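Structural overview for review
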Amino acid sequence: MNMIYILFSIFLAGAILTWVADKISGILRDLFFLLTVLSATTFFYLKIPVGYTTNITLAGLHLQWGITAFGWYFSLIVLGLGTMAAFYALSYMKGKERLGYFYFNFLISLLSMMGILMSRDLVSFFIFWEIMTWSSYFIVIYKGKHVQRSGINYLLFSAIGAYAMLMAIVMVYAHTQSLLIPDMIQAFPFFTLSAKIWLPILFLTAFSVKAAMMPLHVWAPDAYSDSPMAYTSVFSGALSKMGIYGMVLVFVTMISYLPNDTAFRETFAWLGAITAIMGTLWAIAQDDARKLLAWSSVAQLGYIITGVAIGTELAILAALFMAVMHALFKGTLFLVVGAVEKQTGKVKFSEVSGLIRKMPWTFIAALFSIITLAGIPPLGGFVGKWMLYQSLISSNHVILVVAIFFASTAAFLYCYKFLFGFFLGQEEPEIAHVREAPLLMIIPMLILSLLESILGVYPQIIFRPLDAAMQTLGFPATQVHFWNTSVLFNEWGNQVALKPLFYAVAGIFLFFFLVLTIKGWKTTRKVSTKDISTSGEIPKQNENLTYSINFYQPFLRAVAPAMKRRMMTYYREIGSGLEAFFDYTRRLYSGNGQTYAIYVIIFVVLLLLFKNSLFS
């Protein structure tokens, strides 16, 4: 029996049963939803080994499904994060409307991502890509808020990517008379020069949209922030990686055959760096935690794109390791925001603060994820960033290192803003009623946070499947080539040498914690933000003096020139120009039959005049 058919059947049947059960019983609906995710995940890892393939003939087309070590590596992100988000969703979505609709699209989204990873032909890849787009679009508009701004923008840019991919598929079939991805890769060196140039551009356009690379990123901040946080963790953590998955395939199998591949790589590497820098600056400027994390996701994907574009063995290794780490820490942080939203009803730093005593477990999950995001040892984020820096330096990209380092350093600002804004600020009377998030929301966050810590000390857990994925892409075994020679891997690849560093960092934190606690135990007086005198004036009750107001305003003033014009402004101007042009050409359609007859006569005359040049 075909194992891949069974896997897709589990997802599809589970999605339908979940939607139907919603009409009958909420408990039955939740049960079907969770069982579908767990059974599909278990079945995939137990029954579908790496290398398994199946051939399909559909309407005369030869299609193929299978799983490679490279696809299997990305399945860890999709199914791992999807499972954690599924448990979380049961509690987070409780009491909301149209849950059958939400869970149905959640499951179809997971199905489509697994379909992409197992597609060995371009038709299946495109179909699953479109299913992924539509299922995620239906979740983006689930709340019914800002549909035109977030939903339509997402759909519009996804359509641009889809048409680009479709054009590329047609070109491949015209050159190879085959739709199989291995056939395309094998035949690509023999394509015409124009095809060698246009195919990567078209494919990368499609993949760059999902990876939110500037200037195709404008849909991401609104789409991420307007989706329910239970799904946004998957949206940002896993769905965006489908773009990275495709970009890696293009850069490894196509770009190297271009006459001037260096310029192509440099262009995309700098686009990734610009994405990292500008995403970071916009994240710092946000007061809404959802928007902060959305822009942060754009920035973090920029690091990964830079590594993919550079294309050296270490750069690809760094990018793929960072892809897993991004899924872990960004998935966790979106879950943290969801927990705060669930318990307080607010998501702005200027409206809620001091939650550390009210939601301590949520704070711990946030703390570990922020440390990972910032790239501080001994958590896994440091491993990925160190590899990226080393790959850029060893490939003589010194200026690019400076750009990436600036983005990484500036990220500390929004990391601190996130922690302080929600947890470390003044505890207000308005949050006296707040309690810790439900257990089903806490456990997934803590599990993901624990993985961030484990992978920082034992990164070989990910290096082993990553090594197999790299070999699938044509690289030599990295375990032999890098683990025993690199400055990074000879310490962390096959032996754990982080314990002294870990103890030192823990000791410093403990020392200052004790000093500040003992020193401030009797001298600190807790007051409300209203109990403050400023310049001899007593603030009124309606004046908010929370520290989160105008966070980092001097810094934002300094970088204001770079943020003066948003990319969406240019898209709107292009749209307005097209609208004016189409409005002008619309006058040709006057509704007068005699006018149309004149058009026909003019067309026939032109056809007769130029028939030899057109049809010779």
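The paragraphs below set out a description of the structure included in this document. (Residues numbered from 1 in each chain as written. Predicted model: local features only at pLDDT ≥ 70, side-chain atom pairs only at ≥ 80, totals over all residues. Heavy atoms only, no water.)

**Structural notes on the pattern of salt bridges**
Filter applied, for reference: In the sections that follow, a salt bridge refers to a side-chain nitrogen of Lys or Arg positioned within 4 Å of a carboxyl oxygen of Asp or Glu. The buried label goes to any residue with under 20% of its type's maximum accessible area, the exposed label to any with over 50%, and the partly exposed label to all in between, with areas taken from a 1.4 Å probe on protein chains only.
Applying the stated rule across the entire model yields 4 salt bridges. Here R29 ties to D22 by a salt bridge, and the two come within 2.7 Å at their closest N and O atoms. Of the residues examined, R29 reaches a relative accessible area of 10% and is grouped as buried. Residue classification places D22 among the partly exposed residues on the basis of a relative accessible area of 23%.

**Details of the packing of helix α14 (residues 360–374) against helix α17 (residues 439–457)**
Basically, it comes down to this: Only the contacting stretch of a helix is used when fitting its axis, a line to C-alpha atoms as for every element, and angles between N-to-C directions run 0 to 180 degrees. Think of it this way: any DSSP run of H or I at least four residues long counts as a helix, any run of E at least two long counts as a strand, and we number them from the N terminus. Throughout this description, any angle smaller than 35 degrees is read as roughly parallel, any larger than 145 degrees as roughly antiparallel, any in the 65 to 115 degree range as roughly perpendicular, and the remainder as oblique. Should the near helix be turned anticlockwise from the far one by less than a right angle, the crossing is termed left-handed; should it be turned clockwise, right-handed. Note on definitions: a residue-residue contact is assigned when non-hydrogen atoms from the two residues lie within 4.5 Å.
One can describe the packing of α14 onto α17 by two numbers: an axis separation of 9 Å at closest approach and a directional angle of 30°. Classified by the angle their axes make, α14 and α17 are roughly parallel. Where α14 crosses over α17, the two elements pack in a sense that is left-handed. Taken together, the residues of α17 that come into contact with α14 (itself represented by W361, T362, I364, A365, F368, S369 and T372) are I442, M445, L446, S449, E452 and S453.

**Some thoughts on empty space enclosed by the protein**
Note the cut-off: Here a cavity is any set of points on a 1 Å grid over the protein atoms alone where a 1.4 Å probe fits but cannot get out, and a pocket is any open set with protein on both sides within 12 Å along at least 5 of 7 lines; a residue lines the site when it has an atom within 4 Å of a point. Grid points are joined across faces, edges and corners, and a volume is the space filled by probe spheres set on the points. Three categories are distinguished: nonpolar for Ala, Val, Leu, Ile, Met, Phe, Trp, Tyr, Cys and Pro, charged for Asp, Glu, Lys and Arg, and polar for the others, with Gly belonging to the last.
A full pass over the atoms with the stated rule returns 2 cavities of 30 Å³ or more. In this model, the largest cavity occupies a volume close to 120 Å³. When residues of the lining of the largest cavity are traced back to their parent elements, those giving at least two are α5 (122–140), α7 (181–187), α8 (193–210) and α10 (229–253). Looking at the lining of the largest cavity residue by residue, the classes come out as 10 nonpolar, 2 polar and no charged. For the second largest cavity, the full set of lining residues is Q300, I304, M322, M325, H326, F329, T372, L373, G381 and K385. Those elements that provide at least two residues to the lining of the second largest cavity are α12 (289–310), α13 (313–344), α14 and α15 (380–394). If one sorts the elements of the lining of the second largest cavity by residue count, α13 sits on top with 4 residues.

**Observations concerning the packing of aromatic side chains**
What characterises a pair of aromatic rings is the spacing of the ring centres plus the angle enclosed by the ring planes. This is how the line gets drawn: Ring pairs are drawn from Phe, Tyr and Trp, using the six-membered ring of Trp, whenever the two centres fall within 6.5 Å, and their geometry is named by plane angle: stacked under 30 degrees, edge-to-face over 60, tilted for the rest.
Counting across every chain of the model gives 45 aromatic pairs. Aromatic pair Y88 and Y92: ring centres 5.6 Å apart, planes at 25°, arrangement stacked. Linking Y88 with Y92, this pair stays in helix α3 (residues 69–92), spanning 4 residues, or about one helical turn. Here Y92 falls in the buried class, since its relative accessible area comes to 2%. Their ring planes at 55° and their centres at 5.6 Å tell us that Y137 and F138 sit as a pair that is tilted. What makes Y137 buried here is its relative accessible area of 10%. Members of the aromatic cluster, each reached through a chain of ring pairs, are F33, Y101, F102, Y103, F106, Y142, Y154, W219, Y224, Y231, F235 and F334.

Such coordinate-based values are descriptive only and should not be taken to indicate function.
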